[in-house]
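A look at the structure
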Amino acid sequence: MTHQYPALTAEQKKELSDIALRIVAPGKGILAADESAGSMAKRLNQIGVENTEENRRLYRQILFSADSRVKKCIGGVIFFHETMYQKADDGTPFVQMIKDKGIVVGIKVDKGVVPLAGTDGETTTQGLDGLSERCAQYKKDGADFAKWRCVLKISDNTPSALAIMENANVLARYASICQQNGIVPIVEPEILPDGDHDLKRCQYVTEKVLAAVYKALSDHHVYLEGTLLKPNMVTPGHSCPTKYSPEEIAMATVTALRRTVPPAVPGVTFLSGGQSEEEASINLNAINTCPLMRPWALTFSYGRALQASALSAWRGQRDNATAATEEFVKRAEVMGVTLAGQGC
Ligand code: 13P
């Protein structure tokens, strides 16, 4: 049996757990605005806008200039490194605009996926080198939580035992480094929705992946009360011929979580993973009303499902900026109402 030497003081633990609880306070979720420059190219191309630093700044300004109505439904915003140091037209730093609304600032700290040689196209995520120093700097610059995304894929031969173990371990190492720097780690083992697998297979794989993640977090002495989980919902693959109801998706998702995620974890903040804005809110509603005990806050950390309407309202035109901001506020409010309806 290993012995745990002290890793965090009582004060450090309290700070981490307070941050996590603020982010997932009743009725609140997360805006994931941390698309890398590469992912932003895909979003901006869709609306015929060139992917320049200035256009990315203008787009983020639309989201961050939402007024105080979003305070009630957004507990945290995840930034990308570039955005963390950008400013609005009037010179106010974006970080300040978010903090002024009482929203917690987060930062994506991974450096993207790389191949795992010898596997059937599987990956791990890089970015551990220098992570402690980067976390210390981000904390000084106003970030109180972080995100690291690992990716697993479902096929006849995947995820392999190697990919499950490697990704669980790198997530745990990242989480441990964040906590040493006063940063709440969001642990994101995303299982992609690509493929024709059914709901049951996604549930099985999700359970195996999450069980491995929580074993690794325990091995690394990670303080669970000061973490959040960002999983996929359990859904059928995009090309699965069988359709499932939101209630079936909710039952599969909550069952998988109950079997693997300790109640010490304060919140589960789902990614939207290509679901439409409407689907993502209907499914989250079903998850929060499913007839199973749920010891964690179950909320959103959506990218596309909070931004799609705003993006198409904007289309790169300055004159559309106010209308686009309004679309984002509306979407955030719908999500807030989705959560408030369940008294969670
Ligand atoms: P989507 O909600 O668009 O899947 O993005 C969330 C995210 O941050 C994925 O890492």
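Everything below is about the structure shown above.
To start, this report covers the structure provided alongside it. (Residues numbered from 1 in each chain as written. Predicted model: local features only at pLDDT ≥ 70, side-chain atom pairs only at ≥ 80, totals over all residues. Heavy atoms only, no water.)

**Details of the pairing of strand 3 (residues 104-108)**
Cut-off, in case you're wondering: For the exposure calls, accessible area comes from a 1.4 Å probe over protein chains only, and a residue counts as buried if that area is under 20% of its type's maximum, exposed if over 50%, partly exposed in between. Strands here are runs of E lasting at least two residues and helices are runs of H or I lasting at least four, both read from the DSSP assignment and numbered beginning at the N terminus. Criterion used throughout: strands pair if DSSP finds at least two bridges between them.
With five of its five residues buried, strand 3 lies for the most part within the structure. Inspection of the sheet shows strand 2 (residues 74-79) paired to strand 3 by four bridges, in the parallel sense. Its bridge partner lying in strand 3, glycine 76 is registered against valine 104. Relative to strand 6 (residues 145-152), strand 3 runs parallel, the two being bridged by three bridges. Pairing of lysine 108 across the sheet is with lysine 147, part of strand 6.

**Remarks on the site of the ligand**
Threshold: Whether a residue is near a molecule or strand is decided by its heavy atoms; if any one of them lies within 4 Å of it, the residue is near. Think of a polar contact as two N or O atoms within 3.5 Å of one another; within protein, one of them needs to be a possible hydrogen donor and the other a possible acceptor, and neighboring residues in sequence only count if both atoms come from side chains. Surface exposure here means Shrake-Rupley accessible area, sampled with a 1.4 Å probe, where a residue is shielded only by the protein chains that are shown. Each residue gets one of three labels, nonpolar for Ala, Val, Leu, Ile, Met, Phe, Trp, Tyr, Cys and Pro, charged for Asp, Glu, Lys and Arg, and polar for the others, Gly among them.
In the region of the ligand, 13 residues are neighbours, and Lys147, Lys230, Ser272, Gly273 and Arg304 sit closest. Interatomic distance of 2.6 Å between a side-chain N/O atom of lysine 147 and an oxygen atom of the ligand. In the model, an oxygen atom of the ligand is placed 2.7 Å from a nitrogen or oxygen of the arginine 304 side chain. Protein contact buries 91% of the 300 Å² of open area that the ligand shows by itself. Secondary structure elements with two or more residues in the shell around the ligand: strand 6 and strand 10 (297-302). Looking at the shell around the ligand, its residues break down into three nonpolar, four polar and six charged.

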